[in-house]
Amino acid sequence: MQSLPNGKMPQPSSKARRGVSQKMATFGMTLMLLVFLVAVVFAANENDVVGWLVVIISLGWLCLFAFVVFSVRGAARKAGAKLAEAQDNLTRAAGGAPAVQVVDEATTIRDQKLDHSFKIVQVQSRVIRENLGKDEDQVSRALETIEITSHNARSMIKKDDGGPVEGTLVD
């Protein structure tokens, strides 16, 4: 579907939106009404207590069915209106852009690995600050770790095939 000039998607006609559930509800309501009318006709012809009890029972079922159908229909309309309102709010908050962005699993994993690499660099920079001028071996190991980690992170960014990340992990 193409969007309209105002950015909204065109809404299908009311006949196209009418689903199977609405058709079944209409059929069920018609059937319950037919049962009630048949019961009234038979009760009026026979004029006995059992016939009128059947009429009362069928009327009760008809009322119950009508209540359920109309309350579910009303709740569905309210839920649809709230959903449309929430979607409009999200679209407005995003500046007219779609509020949902689909990211594949490989991108998510790559981003997590890059985040982990940056955390390693932060820890090693703290080690360098703490040991600068005190323990030159610790500082050189931390610098080597930063170099390896940054090399691995850069290769993750450059890779398009999503293959495994190469390098050595130094604790």
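Structure report, in brief. Note that the structure is predicted; figures quoted are calculated from it, not measured. (Residues numbered from 1 in each chain as written. Predicted model: local features only at pLDDT ≥ 70, side-chain atom pairs only at ≥ 80, totals over all residues. Heavy atoms only, no water.)

## Some words on the overall build of the protein
Here is step 1 of the chain: Counting its secondary structure elements, the protein contains five helices and zero strands.
Here is step 2 of the chain: Overall, the protein shows an N-to-C arrangement of helices and strands of α-α-α-α-α.
Here is step 3 of the chain: Looking at the protein as a whole, 16% of its 171 residues are labelled buried.
Here is step 4 of the chain: Taking all contacts inside the protein whose residues are at least 6 apart in sequence as the whole, residues at least 24 apart take part in 43%. (Helix = DSSP H or I, 4+ residues; strand = E, 2+ residues; numbered from the N terminus. Buried < 20%, exposed > 50% of the residue type's maximum accessible area, 1.4 Å probe, protein only. Contact = heavy atoms within 4.5 Å.)

## Some thoughts on the nonpolar core
Here is step 1 of the chain: With ten residues, the main nonpolar core is built from Ala-25, Met-29, Met-32, Phe-36, Ala-39, Ala-43, Val-55, Leu-62, Ala-66 and Val-69.
Here is step 2 of the chain: The set of elements that each furnish at least two residues to this core consists of helix H2 (20-46) and helix H3 (49-93).
Here is step 3 of the chain: When residues of this core are assigned to their parent elements, the largest contribution, six residues, is made by H2.
Here is step 4 of the chain: Excluding its chain neighbours within four sequence positions, the residues that come into contact with Ala-25 are Phe-65, Val-69 and Arg-73.
Here is step 5 of the chain: By size, the runner-up hydrophobic cluster in this structure holds five residues, among which are Val-127, Ile-128, Val-139 and Ile-146. (Core = buried A, V, L, I, M, F, W, Y, C linked by side-chain atoms within 4.5 Å.)

## A few points about the side chain of Ser-58
Here is step 1 of the chain: Mapped onto the secondary structure, Ser-58 falls in helix H3.
Here is step 2 of the chain: Those residues in contact with Ser-58, other than ones at most four positions away along the chain, are Val-35, Phe-36 and Ala-39.

## Details of the packing of helix H4 (residues 105-131) against helix H5 (residues 136-158)
Here is step 1 of the chain: One can describe the packing of H4 onto H5 by two numbers: an axis separation of 9 Å at closest approach and a directional angle of 160 degrees. By the angle between their axes, H4 is roughly antiparallel relative to H5. Read as a crossing pair, H4 and H5 show a hand that is left-handed. From H4, Arg-110, Lys-113, Leu-114, Ser-117, Ile-120, Val-121, Gln-124, Ser-125, Val-127, Ile-128 and Asn-131 reach across to H5, where they touch Gln-138, Val-139, Ala-142, Leu-143, Thr-145, Ile-146, Thr-149, Ala-153, Met-156 and Ile-157.
Here is step 2 of the chain: Residue composition of the contact of H4 with H5, by class: twelve nonpolar, seven polar and two charged. (Axes fitted to C-alpha atoms, helices over the stretch in contact; angles between N-to-C directions. Parallel < 35°, antiparallel > 145°, perpendicular 65-115°, else oblique. Left-handed = near helix turned anticlockwise from the far one by under 90°. Nonpolar A, V, L, I, M, F, W, Y, C, P; charged D, E, K, R; others polar.)

## Side note on the pattern of salt bridges
Here is step 1 of the chain: Evaluated as defined, the whole model comprises three salt bridges.
Here is step 2 of the chain: The closest approach of N and O atoms between Arg-110 and Asp-111, which form a salt bridge, is 3.2 Å.
Here is step 3 of the chain: Here Arg-110 falls in the partly exposed class, since its relative accessible area comes to 32%.
Here is step 4 of the chain: A residue is classified by how much of its surface remains accessible, and Asp-111, at 38% relative accessible area, is partly exposed. (Salt bridge = Lys/Arg side-chain N within 4 Å of Asp/Glu carboxyl O.)

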